[in-house]
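Overview (structure and organization)
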Amino acid sequence: MPDLSGARTGPICAPATPLVPAAVAVVRLSGDSLAERLVSMVALPPPRMAQVRTLAWDGFRERALVLHFPAPHSYTGEDVVEFQVHGNPLLVRRLLDHLATLGIRGAEPGEFTRRALLNGKVDLLGAEALRDLVGATTDAQLRQAQARSGGAPPWVARAKAALAPWVARAEACVDYGEEEGIGLDLTALAADLDPLRRVFHVEQERAAAARWLRDGIRVVLAGRPNAGKSTLFNALAGQDRAIVTEHPGTTRDVIDVAAQWADLPLHLLDTAGLRESQDPVERLGVARVGEELARADLILHLVPLADAAPDPAVEAHLAPYAAKVLRVRTQADLGGAPDPGAPCVSAATGDLAALAEALRTRFLGAWSPDACLGALDTRRQRELLDELAAQADLLTGLDPATPPEIAASLLQGAWSLLARLTGEDRAETALDQVFSGFCLGK
Ligand SMILES: Nc1nc2c(ncn2[C@@H]2O[C@H](COP(=O)(O)OP(=O)(O)OP(=O)(O)O)[C@@H](O)[C@H]2O)c(=O)[nH]1
Ligand SMILES: [Mg+2]
């Protein structure tokens, strides 16, 4: 029996396609000895050969394409069977009902992949990439999930290889040091592990950039009425979403749109111009801006280049969020004193290059989107990477006279962080968290 450490066991089944009328529906099964279990309804074809079979149960006779992947050469590492049947949701439910009578219960979300992990078919990083591959909604997310679907990136194996001898030596030194005369040379350790420390820091930076490509950037356009927010919003969105007029106070509701711009996945929010107003509708609009400012990753404070100074009332609104405010000078085609301290743009002429540059620098730093491919990018991964980098800083900065017990515990800590990253450390709560994001049948 495979080690399912705490997870539910026994054969499972699930629709791998949504329960809606469609040409084909796929039902997936995984477990031990599926051929024997299914013998009353179908004779399975030879391994890995798609063959048409008649599935017979309870008076139903369904012609299906059947695939059989005997253990261990399957997605989960157990026997896997796939039925491709007519895409009728009722038919699929009847089939699942019948499978339940054969002792094959409905799978939980992500349970197939969880079994693949426990059987060593995929590591946790690979499993997360599969989840992201299914859930991706932008080209960049798709490419990133594909780049990560091979599992742990090569630097993880290199890190383990570099750490392993030091973990062993430190343990030997703590256990037998005195009697056997085994010492731990912390100067040599620092020199040996310094390249690894640098790799962690580079990966940490790359992950910080990749995170934005994964999650998208929530950008609020704010400013005085007529600053050109809606015009810039439409230009960034590549569509005429927001109404533009020469009347100040045109935009009232928050308008949002997802856009891929300058290679960045943006979630853009156009807002009402910030000013004191007696108009109750406009006041409501301004109140909504406040909520969006708090949730934004970036606030573009649009100030027409012709304005001698930013509007103090707008500045007061934005002051609590200073760290995420980027001032942008708009309507540059209309003239004004040059402002070297802010990107200057003109939505009218389409000259937006300075803004693109500012956004890339702010969120990606020195990394291009391509260079972010394969980087760790989920919150779980980034948190572990941050801890690893901190641990490596401590290890390589130890005073040579530090007791070996301290070095040993730091080494052990770094080792277990790597194990948590790849899923070798099978803490159930961490696994539950990862797999709760899966869909059924995956
Ligand atoms: N020449 C020029 N005109 C612009 C530019 N951007 C906006 N405008 C004009 O400025 C006026 C106001 O533009 P909007 O985009 O509606 O400004 P807003 O900040 O959304 O205004 P409110 O919704 O009222 O707060 C319109 O007449 C636009 O055509 C620009 O880059 N160049
Ligand atoms: Mg507007």
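Residues numbered from 1 in each chain as written. Chains lettered and ligands numbered in written order. Predicted model: local features only at pLDDT ≥ 70, side-chain atom pairs only at ≥ 80, totals over all residues. Heavy atoms only, no water.

1. Quick look at the site of ligand 1
Taken together, 22 residues are adjacent to ligand 1, and Lys229, Thr231, Gly249, Thr250 and Asp333 come closest. One of the backbone N or O atoms of threonine 245 is found 3.5 Å from an oxygen atom in ligand 1. At 3.3 Å from an oxygen atom of ligand 1 is found a main-chain nitrogen or oxygen belonging to glycine 273. Contact with the protein chains removes 85% of the 640 Å² of surface that ligand 1 exposes when unbound. (Near = heavy atom within 4 Å. Polar contact = N/O pair within 3.5 Å; in protein donor to acceptor, adjacent residues only side chain to side chain. Areas by Shrake-Rupley, 256 points an atom, 1.4 Å probe, with all protein chains shown as cover.)

2. Examining the coordination of the magnesium ion (ligand 2)
With distances of 2.0 Å, the protein atoms coordinating the magnesium ion (ligand 2) are Ser230 (OG) and Thr251 (OG1). Taken together, the positions of serine 230 in helix 8 (residues 229–237) and threonine 251 in the loop between helix 8 and strand 8 (255–261) put the pair 21 residues apart, joining distant regions of the chain. Across this residue pair, the class does not change: serine 230 and threonine 251 are buried. (Donors = N, O, S within 2.8 Å, 3.2 Å for Na, K, Ca; no water. Helix = DSSP H or I, 4+ residues; strand = E, 2+ residues; numbered from the N terminus. Buried < 20%, exposed > 50% of the residue type's maximum accessible area, 1.4 Å probe, protein only.)

3. With respect to the side chain of arginine 329
Mapped onto the elements, arginine 329 comes out in strand 11 (residues 325–330). Reaching out from arginine 329, the side chain makes a polar contact with the side chain of aspartate 339 at a distance of 2.8 Å. In contact with arginine 329, other than residues within four places in its own chain, are Val303, Pro304, Leu305, Asp307, Asp339, Ala342, Pro343, Cys344 and Val345. (Contact = heavy atoms within 4.5 Å.)

4. Some remarks on the packing of helix 12 (residues 379–396) against helix 13 (residues 404–422)
Packing of helix 12 against helix 13 brings their axes to within 10 Å, and their N-to-C directions diverge by 160°. One element, helix 12, and the other, helix 13, form an angle in the roughly antiparallel class. Along this stretch, helix 12 crosses helix 13, giving a crossing that reads as left-handed. Contacts between helix 12 and helix 13 involve Arg380, Gln381, Leu384, Glu387, Leu388, Gln391, Leu394 and Leu395 from the first element and Ala407, Ser409, Leu410, Leu411, Gly413, Ala414, Leu417, Leu418, Arg420 and Leu421 from the second. (Axes fitted to C-alpha atoms, helices over the stretch in contact; angles between N-to-C directions. Parallel < 35°, antiparallel > 145°, perpendicular 65-115°, else oblique. Left-handed = near helix turned anticlockwise from the far one by under 90°.)

5. Considering the domain arrangement of the chain
By domain assignment, the chain separates into domain 1 (12–119), domain 2 (154–212 + 372–423) and domain 3 (221–367). Here the C-alpha centroids of domain 1 and domain 3 sit 53 Å apart. (Domains from an automatic or database assignment.)

6. Observations regarding the UniProt feature "binding site: Mg(2+)" (unreviewed entry) in the chain
UniProt annotation of "binding site: Mg(2+)" (unreviewed entry) refers to Ser230 and Thr251 when read in the numbering used here. Sequence-wise these annotated residues cover 22 residues; spatially they are packed, their C-alpha atoms never more than 7.6 Å apart. Excluding residues that lie within four positions of it along the chain, serine 230 makes contacts with Ala242, Ile243, Val244, Thr251 and Asp270. Taking the relative accessible area as the measure of exposure, threonine 251 reaches 9% and is therefore buried. Not counting the four nearest positions on each side in its chain, threonine 251 is found in contact with Ser230, Ile243, Asp270, Thr271, Ala272 and Gly273. A polar contact is formed between the side chain of threonine 251 and the side chain of serine 230, at a distance of 2.8 Å. (UniProt positions renumbered as here; feature names shortened; annotations may be inferred.)

7. Examining the pattern of salt bridges
Taken as a whole and judged by the stated rule, the model has 27 salt bridges. One salt bridge in this structure joins arginine 380 and glutamate 128, with 2.7 Å as the shortest N-O distance. Linking arginine 380 in helix 12 with glutamate 128 in helix 4 (residues 124–135), this pair joins segments that are 252 residues apart in sequence. Like arginine 380, the residue glutamate 128 is buried in the burial classification. As a salt-bridge pair, arginine 275 and glutamate 282 come within 2.6 Å of each other at their nearest N and O atoms. What you see here is one network of salt bridges that share partners, running through Arg131, Asp132, Arg148, Arg211, Arg214, Asp215 and Asp377. (Salt bridge = Lys/Arg side-chain N within 4 Å of Asp/Glu carboxyl O.)

8. Observations regarding the confidence of the model for the chain
Across the chain, pLDDT averages 93, with 98% of residues at or above 70. Ignoring residues within four places in sequence, the model shows residues 1–6, a span with pLDDT below 50, making 13 contacts including any to other chains. (pLDDT = per-residue confidence, 0-100.)

9. Quick word on the packing of aromatic side chains
Applying the stated criterion across every chain yields a total of four aromatic pairs. Between arginine 169 and the ring centre of tryptophan 166, over which it is positioned, the NZ or CZ distance is 4.4 Å. (Phe/Tyr/Trp six-rings, centres within 6.5 Å; stacked < 30°, edge-to-face > 60°. Lys NZ or Arg CZ within 6 Å of the ring centre and 35° of its normal.)

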